[in-house]
Structures are given as C-alpha cells and as structure tokens.
Amino acid sequence: MKKIVSVILAVMMLLAAVSMFASCKKEDNTLVMATNATFPPYEFYEGEKMVGIDVEIATAIAEKLGMTLEVKDMEFDSLISAVEGGVVDVVLAGLTVNEERLEKVNFSTSYAKGVQVIIVKEGSDIADVDGLEGKIIGVQAGTTGDIYASDDFGEENVTKYANGALAVEGLKTGKVDCVIIDNEPAKNYVAANEGLKILETEYVEEMYAGAMSKDNEALYTAVAVFMWLLTTVFSREY
Ligand code: ARG
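Description of the structure in this document.

Conventions used here
- Residues numbered from 1 in each chain as written.
- Predicted model: local features only at pLDDT ≥ 70, side-chain atom pairs only at ≥ 80, totals over all residues.
- Heavy atoms only, no water.
- Helix = DSSP H or I, 4+ residues; strand = E, 2+ residues; numbered from the N terminus.
- Buried < 20%, exposed > 50% of the residue type's maximum accessible area, 1.4 Å probe, protein only.
- Areas by Shrake-Rupley, 256 points an atom, 1.4 Å probe, with all protein chains shown as cover.
- Lys, Arg positive; Asp, Glu negative; His and termini not counted.
- Charge placed at Lys NZ, Arg CZ, Asp CG, Glu CD.
- Contact = heavy atoms within 4.5 Å.
- Near = heavy atom within 4 Å.
- Polar contact = N/O pair within 3.5 Å; in protein donor to acceptor, adjacent residues only side chain to side chain.
- Nonpolar A, V, L, I, M, F, W, Y, C, P; charged D, E, K, R; others polar.
- Pairing = 2+ DSSP bridges.
- Axes fitted to C-alpha atoms, helices over the stretch in contact; angles between N-to-C directions.
- Core = buried A, V, L, I, M, F, W, Y, C linked by side-chain atoms within 4.5 Å.
- Phe/Tyr/Trp six-rings, centres within 6.5 Å; stacked < 30°, edge-to-face > 60°.

Description of the overall build of the protein
Scanning the protein for helices and strands turns up eight helices and 13 strands. By its C-alpha atoms, the protein is 55 × 40 × 35 Å across when sized along the principal axes. Within the protein, the proportion of its 238 residues that are buried is 49%. Of the accessible surface of the protein, which amounts to about 11,400 Å², a share of 53% is contributed by carbon and sulfur atoms. Computed over 19 positive and 39 negative side-chain charges, the separation of the two mean positions in the protein equals 5 Å.

Comments concerning the side chain of N106
As for its placement among the helices and strands, N106 is situated in strand β6 (residues 105-107). Every residue in contact with N106, bar those within four places of it in the chain, is listed here: G210, A211, M212, S213, K214, E217 and Y220.

Quick notes on the site of the ligand
Contacts to the ligand come from 15 residues, most closely from A93, T96, R101, T144 and D182. G94 places a main-chain nitrogen or oxygen 2.8 Å from a nitrogen atom of the ligand. Within the side chain of T96, an N or O atom sits 2.7 Å from a nitrogen atom of the ligand. Contact with the protein chains hides 100% of the accessible area of the ligand, taken as 350 Å² for the molecule alone. Partitioning the shell around the ligand into residue classes produces five nonpolar, six polar and four charged.

What to know about the side chain of K135
If you trace the backbone, K135 turns up in the loop between β7 (112-121) and β8 (137-140). In terms of polar contacts, K135 uses its side chain to reach the side chain of D125, at 3.1 Å.

Some details on the sheet that holds β6
Ordered in space as β4-β1-β5-β13-β6, the five strands form an open sheet in which the pairing is mixed. Sheet topology places β4 (68-73) and β6 at the edges, where each strand pairs with a single neighbour. Pairing of strand β5 (residues 90-91) with strand β13 (residues 211-213) involves two bridges; the strand directions are antiparallel. Paired with V91 across the two strands is A211, which belongs to β13. Contacts from helix α2 (residues 53-64) reach β1 (30-35) and β4, with the element oriented near 165° to β1.

Thoughts on the nonpolar core
Within the largest apolar cluster, 24 residues are counted, with the highest numbers of intra-cluster contacts made by L31, Y42, I57, I61, L92 and Y111. Looking at this core, the elements that each hand over two or more residues are β1, α2 and α8 (217-233). Filtering out sequence-adjacent residues up to four positions away, L92 remains in contact with M33, A34, T35, E43, D54, I57, A58, Y111, G210 and M227. Listed in part, the 15 residues of the second largest apolar core include V83, A93, V105 and F107.

A short note on the packing of aromatic side chains
In the structure shown here, the tally under the stated rule is five aromatic pairs. Their ring planes at 85° and their centres at 6.1 Å tell us that Y148 and Y203 sit as a pair that is edge-to-face. On the criterion of sequence distance, the pair formed by Y148 in helix α5 (residues 144-153) and Y203 in the loop between β11 (196-198) and β12 (204-208) is long-range, its members being 55 residues apart. An aromatic cluster is built from F39, Y42 and Y208, whose rings are joined through pairwise contacts.

Quick look at unusual backbone geometry
Between P40 and the following residue, P41, the backbone shows a cis peptide bond with an omega angle of 5°. Tracing the chain through its elements places P41 in the loop between β1 and β2 (44-46).

Written as structure tokens, this is what we have:
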C-alpha cells in the first residue's frame, strides 16, 4: 500500500516538474550533458561513441523531458564551471557530491556509491592507506581522489594527470607508486592492464549525483525528481 502511495506521489511530482520545466525549455530543445569520458563503466568510448551508465541515465532523462540529448566530452577540471556558468545543462560524470561543489552547483539525488581505492603494482610494499606516507600518488586532476590525497599526504607527493588512464600508465612505467581512483574505473583499469591490483583497504566512500546550475531551478527540479524516481521507486542500482 505504502509503495502505491509513493508511486502515485512520485508520478504526480514528476508530471508537475516536467510541466514546470516545459514552460522554460530552450528553443533548440536539447539537453546538453557534459562529462569526462575516461571513466568506465560510467562514461567511456566505444569506437567513436560515448557510452556508459551516465550516458544511459541522461538519455532516459532527456526522453522523459521530451528533449534531444547532446553529450560533450570535456576536461574533468572544467565540468563544474561549465555547468555553473550555464554552458552545459547537466554534468553526469561519476561526480561526487562534496561541500565545495555544493557551494557552486545543485546536485540531484545521488544514484550510486563510489569508493576511492588504491591501485598498486603487484609486489608493491604498499599494503594499506598508512603505507602511502612518503610515496608518490597518481590521480586524475581535480577529482576527489586528488583532493583527499593532496590534503592527507601533501601536494608535493601527488602527481596529477589529465585522466585516470594516464595515471595508470604512470604507475605502470614507475612514475608514481600508486593511483587513487574510484572503485569501478579501478576494476576496469586493473582488468585491462596486467601486473596491477587494487588494495583491499578502502580509502574514502562517497556518493555520485548529477550537477546542475543554481540558476536553472526548473531543470534542477525536473532532473532531481526523475533521478529520485529512478533510484527509489524503480530501485535502480548503478
Ligand atoms: N568521483 C570523483 C570525483 O567526483 C571522480 C570522478 C571522475 N569522473 C570522470 N568522468 N572522469 O571527483
């Protein structure tokens, strides 16, 4: 019974959000999603095409809103300012909700949990987080992994790469002693590169959500409600 009431309520909320949003849609009717497509399984290239969980979610949202989805691949570092300034409509990028970002953008309900993990070479003497002291850590620039590692172990011990794949390359060629990155891409990178492993100790746990401009309340409501529906009523897990 409770479930039925919440489904009815949710559908009503969605309809209200969609009609509110319909009144202030852009003329070209596109929903522009920005991401950084080096983050499998959330966003990555299959040939020329960007695919992954975030692209799927955005496709479903655009469809519900009667819009055409356009996906833009950008530097991870510039995603927040792009959405903050209205250059793009929404960022879906395995993006972690944190205080600093909350000051600049609105976040939807979160749709997945992320865990920052540590990748090392097999045979490495690093066994856990304490073992990172004095080591050189590779990260993707601007990510939460970058922020935590720089705070905990000192900026001078952190090497920032444009993307996770380059950080992993840095580990393979001995430029860094480990890589701190989110668990799902970590699994992908380790599976694709021999001689690497993920340490069992988890570093930090976090939540992913879609980010929107604080100036576009209507889009924010529409996307947030849809995301909420997806994760609660339809119990989708990503
Ligand atoms: N979850 C981390 C963060 O928000 C990393 C996200 C990286 N995403 C990407 N598409 N490259 O900072």
